[in-house]
Amino acid sequence: MKLGIVGLPNVGKSTLFNAITNAGAEAANYPFCTIEPNVGTVAVPDKRLDFLADMYKPKKYTPAVIEFVDIAGLVRGASKGEGLGNKFLENIRRTDAIVHVVRCFDDDNVIHVEGGTDPIRDIDIIDLELIMADLELVTRRLDKAQKAAKSGDKKLKHEAEVFEALRNHLNEGKSARSFEAASDDDASLIATSDLLSLKPVIYAANMDEDGISDYKNSDYYKAVKTRANAEGAQVLPICARTEQELTELSEDERTMFLEELGLSESGLDRLIKCSYTLLGLISFLTAGADECRAWTITEGTKAPQAAGKIHSDFERGFIRAEIVAFDDLKVCGSMAAAKEKGLVRSEGKDYVMRDGDVTLFRFNV
């Protein structure tokens, strides 16, 4: 999974990136401090995998990972080359989802490029730049389809009609996410364009310590949440500065600090959960003396395709999957005990994988 962190300059993007990746990106009080996109890879915390590792003492421990890309602050006119321009919009195209950091605090000591805090205005600025960049791309795609459709090919003619409708929608300042395709095939066709405003979004409402401790009563947060709800997006209240401070504490100190703020989990843990929910992802687990590993798949994936995540031969020669639910295995204490109680199931090609399935694939090629 690859997430792009975007937002206006000085809203806390690089501070949040530093906190969740410990990558040491420069964070300073002036626009365009981030020139090249910073990239950091983060292991997905999974207590189930930790339990399996304690059980098997494997030679190798491999959690799922998320790649975060911290992209330079966007400004009005970025789609036309203002600020650092189109180059950085292109970096977003290569991500699975967008973490849009929105400033939800007042601080006279931290410059705001728009003069003051207004989260909805800030969201609109970024959205419009993504839409304008998409409009340029869609117009090119439409021109190409219209020229090709002159051959009389009905499929190409329909493609031109789809992209013309989408272009008109974008021209109204509406995101590609809000465009209602006439069919699943049309939606798949649009998805091939890798549009920025089509990507799912998590709004990271960046607050100060006072705000995060009582975020539900923050007018800034409530405004962002209302916006997110209207779009079907996720919203995550977070304090980037606090998250950075947490990285310098021991695990016990971190727990106490979070409790003082009324939080049960770090921002990273909550961001990962948001990401999985937003993208419809789950994890299955494999375990043994050689390796304990978490594998990320899309919800609804069947057993053979899950096996293919490990190796194409596993999918091609799939025979069956031997599966036990993690919670059952944990209660039993061992795989042998789970088998004795009949909790290890043999599943075939039509089995839909579930989150936390501890799995052994049988195959023959």
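This report concerns the structure included in the present document.

Criteria and cut-off values
Residues numbered from 1 in each chain as written. Predicted model: local features only at pLDDT ≥ 70, side-chain atom pairs only at ≥ 80, totals over all residues. Heavy atoms only, no water. Helix = DSSP H or I, 4+ residues; strand = E, 2+ residues; numbered from the N terminus. Contact = heavy atoms within 4.5 Å. Areas by Shrake-Rupley, 256 points an atom, 1.4 Å probe, with all protein chains shown as cover. Core = buried A, V, L, I, M, F, W, Y, C linked by side-chain atoms within 4.5 Å. Buried < 20%, exposed > 50% of the residue type's maximum accessible area, 1.4 Å probe, protein only. Pairing = 2+ DSSP bridges. Axes fitted to C-alpha atoms, helices over the stretch in contact; angles between N-to-C directions. Arc of directions from axis to C-beta. 1 Å grid on protein atoms, 1.4 Å probe; cavity = no way out; pocket = protein on both sides within 12 Å on 5 of 7 lines; lining within 4 Å. Points joined across faces, edges and corners; volume = space filled by probe spheres on them. Nonpolar A, V, L, I, M, F, W, Y, C, P; charged D, E, K, R; others polar. Polar contact = N/O pair within 3.5 Å; in protein donor to acceptor, adjacent residues only side chain to side chain. Parallel < 35°, antiparallel > 145°, perpendicular 65-115°, else oblique. Left-handed = near helix turned anticlockwise from the far one by under 90°.

**As for the overall build of the protein**
Next up, step 1: What the protein contains, in helices and strands, is 15 helices and twelve strands.
Next up, step 2: Within the protein, contacts between residues at least 6 apart in sequence are counted, and of these 69% link residues at least 24 apart.
Next up, step 3: Working note: accessible area of the protein is about 18,000 Å², and carbon and sulfur atoms make up 47% of it.

**Here we look at the nonpolar core**
Nonpolar side chains in soluble globular proteins tend to end up buried together.
Next up, step 1: Core analysis: the biggest nonpolar cluster contains 68 residues, and Phe68 and Tyr203 have the highest contact counts within it.
Next up, step 2: Apart from the residues within four sequence positions on either side, Tyr203 is in contact with His100, Val102, Ile123, Asp127, Arg177, Val224, Ala228, Glu231, Ala233, Gln234, Val235 and Leu236.
Next up, step 3: If you look at the next biggest cluster of nonpolar residues, it comprises 16 residues, including Val138, Leu142, Val162 and Phe179.

**Looking at the pairing of strand S6 (residues 201-206)**
Next up, step 1: The buried fraction of S6 amounts to six of the six residues, a majority that puts the element mostly inside the structure.
Next up, step 2: Every second residue of S6 is oriented toward a common face, with Val201, Tyr203 and Ala205 on one face and Ile202, Ala204 and Asn206 on the other, all of them buried.
Next up, step 3: As defined by bridge partners, strand S5 (residues 97-103) adjoins S6 across six bridges and the pair is classed as parallel. Bridging across to S6, Val102 finds its partner in Ala205.
Next up, step 4: Relative to strand S7 (residues 234-238), S6 is paired through five bridges, and the arrangement is parallel. Within the sheet, the bridge partner assigned to Tyr203 lies in S7 and is Val235.

**Points about the sheet that holds S6**
Next up, step 1: Across the sheet, six strands lie side by side as S2-S4-S1-S5-S6-S7; this open sheet has mixed pairing. What marks the edges here is a single partner per strand, and that holds for strand S2 (38-43) and S7. When strand polarity is set aside, the average angle formed by the axes of neighbouring strands in this sheet is 25°.
Next up, step 2: Its contacts with the sheet put helix H8 (residues 219-231) on S5, S6 and S7, and the angle it makes with S7 is roughly 160°.
Next up, step 3: Sheet strands touched by helix H11 (residues 267-279): strand S1 (2-6), S2, strand S4 (65-70), S5, S6 and S7. Its angle to S7, the strand with the most contacts, is close to 180°.

**Points about helix H12 (residues 303-310)**
Next up, step 1: Turning to H12, its buried residues are Ala303, Pro304, Ala306 and Ala307. Looking straight down H12, one finds that the buried residues subtend no more than 160° of arc, so they occupy a single side.
Next up, step 2: Tucked into the core, H12 has its buried residues touching strand S8 (281-286), strand S9 (291-298), helix H13 (312-316), strand S10 (318-325) and strand S12 (357-363).

**Points about the environment of Ile282**
Next up, step 1: Note that Ile282 resides in strand S8.
Next up, step 2: Residue classification places Ile282 among the buried positions, given a relative accessible area of 7%.
Next up, step 3: With 15 residues separating them in the primary sequence, Ile282 and Ile297 have C-alpha atoms 5.6 Å apart.
Next up, step 4: Not counting residues within four places of it along the chain, the set of residues in contact with Ile282 comprises Tyr276, Trp295, Thr296, Ile297, Glu299, Met353, Arg354 and Asp355.

**A word on empty space enclosed by the protein**
Next up, step 1: Evaluation of the coordinates by the stated rule reveals one cavity of 30 Å³ or more.
Next up, step 2: Estimates place the volume of the largest cavity at around 30 Å³.
Next up, step 3: Contributions of two or more residues to the lining of the largest cavity are made by S5 and helix H4 (119-149).
Next up, step 4: A class-by-class count of the residues in the lining of the largest cavity yields three nonpolar, one polar and two charged.

**Structural notes on unusual backbone geometry**
Next up, step 1: The backbone of Lys57 shows a phi angle near 50°, a positive value even though the residue is not glycine.
Next up, step 2: In this fold, Lys57 is placed in the loop between helix H2 (47-56) and strand S3 (60-62).
Next up, step 3: Judged by relative accessible area, Lys57 falls into the exposed class, the value being 62%.
Next up, step 4: Although it is not a glycine, Asp194 adopts a positive phi angle of roughly 55°.
Next up, step 5: A relative accessible area of 35% places Asp194 in the partly exposed class.

**Topic: the side chain of Thr62**
Next up, step 1: Mapped onto the fold, Thr62 is located in strand S3.
Next up, step 2: A distance of 2.5 Å separates polar atoms of two side chains, one belonging to Thr62 and the other to Glu291.
Next up, step 3: Among residues more than four places away in sequence, those in contact with Thr62 are Leu49, Glu291, Cys292, Arg293 and Ala294.

**Quick word on the packing of H4 against helix H5 (residues 154-171)**
Next up, step 1: Running from N to C, H4 and H5 point in directions that differ by 155°, and their axes come no closer than 8 Å. In terms of orientation, H4 and H5 fall into the roughly antiparallel class. Classified by chirality, the crossing of H5 by H4 is left-handed. Only Leu156, Lys157, Glu159, Ala160, Phe163, Glu164, Leu166, Arg167, Leu170 and Asn171 of H5 make contact with H4, whose side of the interface consists of Ile131, Asp134, Leu135, Val138, Thr139, Arg141, Leu142, Ala145, Gln146, Ala148 and Ala149.
Next up, step 2: Here the contact of H4 with H5 is composed, by residue class, of twelve nonpolar, three polar and six charged.

Honestly, it's all geometry; don't read function into it.
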